[in-house]
Amino acid sequence: MPSLSPTMEEGNIVKWLKKEGEAVSAGDALCEIETDKAVVTLDAGDDGILAKIVVEEGAKNIRLGSLIGLMVEEGEDWKHVEIPKDVGPPSPAAKPSVPHPPPEPPISIPVQKEHTPGKLQFRVSPAARSILDKHALDASEGTATGPRGIFTKEDALKLVELKQMDKITESKPMPVPLVPPTTPTAPLPTPATGGPSYPRPMIPPVSTPGQPNAVGTFSEIPASSIRRVIAKRLTESKSTVPHAYATTDCDVGAILKVRQDLVKDDIKVSVNDFIIKAAAVTLKQMPDVNVSWDGEGPKQLPFIDISVAVATDKGLITPIIKNAAAKGIQEIADSVKALSKKARDGKLLPEEYQGGSFSISNLGMFGIDEFIAVINPPQACILAVGRFRPVLKLTQDEEGNAKLQQHQLVTVTMSSDSRVVDDELATRFLKNFKANLENPFRLA
């Protein structure tokens, strides 16, 4: 299983495009793989014969590096090819092997089993758990640095390094005492109210401890690879990125008039296409906003690539309009239509959704007046766009008389990373964006 995206950890085999015994040339499509972003075609790197399909169609959650098929050179006996003994077909729902603790007497003490006295409690990621089990280590011997105190893969690798330097010893499974010592060194405080007691957490709890729902009162919903990645990235963004927000109303009356004139020439563009162009032009005028944060510091980006949020059945994905500032409105419209279709069909190529310097999410077509979007790291900003709506405003005519006039307004809210785009810079960006959008001649 190859890595087909930077954030991919596992993949699903959607369909094999070649059969066992079929000749394959370099560049031929072997199979379709669902990554955490889209369905991608895996191409053959060399000429040969597909000798064995190890992982069948429909298999899910195949870890990176797992053997999914075998190829042999032309002329070799492909029917009797042997699968390497150390690499076999992974189980579709394979889970890291966890050493089983010694059997305990049938005494139900849930609090002691979940919270062993004297030992720190961590939430451990699956990758970290696999490493800890492999090296017989315990998370309490290290330090959790992940969001909300999660013990991450990097924390586990640091613990392995300490073990190799003989700074810690292997942790062996120790039986949990069922009865507390008869002579405790310090009396435990008595809870003021009834119910189970829990040790004070080192970090704010994600949820209130409680009993799981009774079986039969809910239905399990399988999460796709895309949904899991969306959940992970949104949680990381809201936990680690200091979001700041700024909102303004833009009059799109002039844009609507230009749009009507283009329709007469059989040129179909949307208001969102003008918004993409206005954002790109403003980024070109203000390169200080066209930045990203990579964990160590801000990075000035030499390109203006706009990521456009597209809703699909499997989740949200952001195809990229590359070099948007240099494109015309019709070219942007054509790119958005083509990429949106590929996104909904799950046919986006990695280079069509990876990267980007600025994101736009538009919910106006769903009747939403305004909303706030979550930043897509390592990008520094995302613009949330609502619907355009008629609003009566008091204005003055040429003679200075007051009159009510209808305006078409759209509300936009920019979420910005305060580490690289402060409030003053975000305010100036929205001011320039508003001027560009309300004066279409500036977008030429």
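Predicted model, so just to flag it, every value in this text is computed and none were measured. In every chain, residue numbers begin from 1 and rise along the written sequence. Local features in this predicted model are restricted to residues whose pLDDT is 70 or higher, and side-chain atom pairs enter the listing and the counts only when it is 80 or higher, whereas totals over whole chains, interfaces and linings include all residues. For side-chain calculations, the full set of non-hydrogen atoms in the structure is used, while hydrogens and water are omitted.

## Digging into the overall build of the protein chain
Okay, so step 1: By the criteria applied, helices consist of DSSP H or I runs no shorter than four residues and strands consist of E runs no shorter than two, each listed in order from the N terminus. Across its full length, the protein chain holds eight helices and 19 strands.
Okay, so step 2: A separation threshold of at least 6 residues defines the contact pool for the protein chain, and within that pool the share at least 24 residues apart is 62%.
Okay, so step 3: Note on areas: Shrake-Rupley with a 1.4 Å probe; residue coverage comes only from the protein chains shown. As presented, the protein chain carries roughly 27,000 Å² of accessible surface, and 55% of it is formed by carbon and sulfur atoms. Only heavy atoms matter for contacts: two residues are in contact if any of them lie within 4.5 Å across the pair.

## Some details on the sheet that holds strand S17 (residues 358-362)
Okay, so step 1: An order of S10-S19-S18-S17-S13-S16 is seen for the six strands of this open sheet, with the pairing classed as mixed. Taken across any chain shown, the strands that pair with only one partner, and hence form the sheet edges, are strand S10 (243-251) and strand S16 (320-321).
Okay, so step 2: Note: two strands are recorded as paired if DSSP finds a minimum of 2 bridges between them. Sheet analysis places strand S18 (residues 381-396) next to strand S19 (residues 402-417), joined by 14 bridges and oriented antiparallel. Residue pairing for S19: valine 391 is matched across the bridge by histidine 407.
Okay, so step 3: Every axis corresponds to a line fitted to the C-alpha atoms, with the helix fit spanning only the stretch in contact, and the corresponding angles, defined between N-to-C directions, vary from 0 to 180 degrees. Relative to S17, helix H6 (residues 271-285) is tilted by about 155°, and along the sheet it contacts strand S13 (306-308), S17 and S18.

## Description of the pairing of strand S5 (residues 48-53)
Okay, so step 1: Exposure classes here rest on a 1.4 Å probe applied to the protein chains alone. A residue is buried below 20% of its type maximum, exposed above 50%, and partly exposed in between. Within S5, five of the six residues are buried, which leaves it mostly tucked inside the rest of the structure.
Okay, so step 2: Bridge count between strand S2 (residues 23-24) and S5: two bridges; the pairing is antiparallel. Bridging across to S5, alanine 23 finds its partner in isoleucine 49.
Okay, so step 3: With four bridges connecting them, S5 and strand S7 (residues 69-72) associate as antiparallel partners.

## A word on the nonpolar core
Okay, so step 1: Residues grouped as a nonpolar core are buried Ala, Val, Leu, Ile, Met, Phe, Trp, Tyr and Cys residues, joined through side-chain atoms within 4.5 Å. In terms of nonpolar packing, the biggest core is built from 74 residues, with Ile306, Phe358, Leu383 and Phe433 touching the most fellow members.
Okay, so step 2: Not counting chain neighbours up to four residues away, the residues in contact with phenylalanine 433 comprise Cys250, Ile275, Ala278, Ala279, Thr282, Leu383 and Val412.
Okay, so step 3: Grouped together as the second largest cluster of nonpolar side chains are nine residues, Ala128, Ile131, Leu132 and Val160 included.

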